[in-house]
Every structure is written in structure tokens, then in C-alpha cells.
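So the chains spell out like this:
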Amino acid sequence: MKTMKKLFAIIAVMMVIVCPVFADDIVAESTLIYTCDDSFWVNIPETIIVGEEASVEAMDVNIAPGKSIHVDISSPNDYVEIHSASDPNSTLHVYFNSADGGQVTVIHPTVATFGSGESGSKQFTTYIDNTTDAIAGEYTGNVMFNIHCE
């Protein structure tokens, strides 16, 4: 009988040691991350008539605060060259003034800038510095725009 009591005592002690301990509620934390990419639409005029006001339009602008959309002229010169339809060797240089009134150059190529949440139109102008060598007729050429957000 003594052996039996010792056995029950040992089993009882083991049950106390092996029983799980229940703690209060435990709180864990996790970080949630979602990235919303910058998005916007920019409309560039299909045709620009030299000497008349033209406009660039930004729509649905959703860019991070502190960023801006830049619409730049892409040219190796401070001007864009246009050619006479009747004489391809006759060229004129077209210069641009930005929406804020400054002259567009290779160093400062921006025609218009739109900030975070800023939608709407910005006007710019074009001009020919010297037309004394121009022959009568229509002149045409292409201008390339570089649109970027930074």
C-alpha cells in the first residue's frame, strides 16, 4: 500500500508539472503596407501654331506630396527647327516660353509643371526670333515632349 501511495504521489506531482499554463490574452502587432503608384494624364496639343498660345493639360493627378509632373521640350538646342514645305533647305528656329513666362532652353527645358493634386491647363507660347530670311509658304516640323514625375 505504501508503494501505491508513493506512486499516486509521484503521478500527482507529474500532473501538476505537465499541465499547461493559461496566460492572459496575448497581443501581437503586424505592419500593413500598401503602395499606390503615382498616376496622371497629360494632354499635349496635336498641332501648335507658332505665335499663338498653346496649352498642356494635366488630369487625374495623383502623385505623392512633394513631387511634380514636368513637361519638357526635348531638343539638343534652345529652339526647334522647322522647314519650308516649298524649300526644305529653308529653316526657321522656333523658341518656347514656358507657362511661367521664362524662356525654355536646353538647361531649363520645362514648358509646364503640375504639383501634387494639381489638375488643369497651363499655357505656353512659341515665337520665331528672326523671320527676315523666311521665304513665303508654310513651315513645319516636330517637337518632342518629355513628361516625367519626380
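Residues numbered from 1 in each chain as written. Predicted model: local features only at pLDDT ≥ 70, side-chain atom pairs only at ≥ 80, totals over all residues. Heavy atoms only, no water.

Re the confidence of the model for the protein chain
To keep things clear, this is the line we draw: One confidence number per residue, pLDDT, is output by the predictor and ranges from 0 to 100. Runs of E in the DSSP output that reach at least two residues are strands. Runs of H or I that reach at least four are helices, and both are numbered from the N terminus.
The pLDDT averaged across the protein chain works out to 89; a share of 85% of its residues lies at or above 70. Ranking the elements of the protein chain by mean pLDDT puts helix 1 (residues 2-18) last with 56 and strand 9 (residues 144-149) first with 98.

A closer look at the nonpolar core
Note the cut-off: Nonpolar core, defined: a set of buried Ala, Val, Leu, Ile, Met, Phe, Trp, Tyr and Cys residues in which side-chain atoms within 4.5 Å join the residues together. Burial here depends on accessible area, computed with a 1.4 Å probe over protein chains only, as a share of the maximum for the residue type. Under 20% is buried, over 50% is exposed, and the range in between is partly exposed. Throughout, a contact is declared for two residues whenever any of their heavy atoms are within 4.5 Å.
Membership of the largest hydrophobic core comes to 21 residues, with the highest contact counts inside it found for Val56, Ile73, Phe96, Phe114 and Phe124. Breaking this core down by element, the ones donating at least two residues are strand 2 (54-62), strand 3 (68-74), strand 4 (80-84), strand 5 (91-97) and strand 6 (110-115). Here this core gets four residues from one element, more than from any other, and that element is strand 2. Filtering out sequence-adjacent residues up to four positions away, phenylalanine 96 remains in contact with Ile73, Val80, Gly102, Gln103, Val104, Phe124, Thr125, Thr126 and Val143.

A few points about the pairing of strand 3
The line we're drawing: Following DSSP output, two strands are said to pair if at least two bridges run between them.
Within strand 3, six of the seven residues are buried, which leaves it mostly tucked inside the rest of the structure. As paired strands, strand 3 and strand 9 are joined by six bridges and run antiparallel to one another. Bridging across to strand 9, aspartate 72 finds its partner in asparagine 146.

Description of the packing of aromatic side chains
Quick reminder of the rule: Note on aromatic pairs: the rings of Phe, Tyr and Trp (six-membered ring only in Trp) are paired at centre separations within 6.5 Å, and the planes decide the class, stacked below 30 degrees, edge-to-face beyond 60, tilted for the rest. Definition used: whenever NZ (Lys) or CZ (Arg) falls within 6 Å of the ring centre and also within 35 degrees of the ring normal, the charge is taken to sit over that ring.
Per the counting criterion, the structure on display carries four aromatic pairs. Aromatic pair tyrosine 95 and tyrosine 127: ring centres 5.6 Å apart, planes at 20°, arrangement stacked. Note that tyrosine 95 is positioned in strand 5 and tyrosine 127 in strand 7 (residues 120-128), a separation of 32 residues in sequence. Look at tyrosine 127 and you get partly exposed, because its relative accessible area is 26%. Clustering of aromatic rings is evident, with ring pairs tying together Tyr79, Tyr95 and Tyr127. In this structure, lysine 122 is placed above the aromatic ring of phenylalanine 114, and the distance from its NZ or CZ to the ring centre is 5.0 Å.

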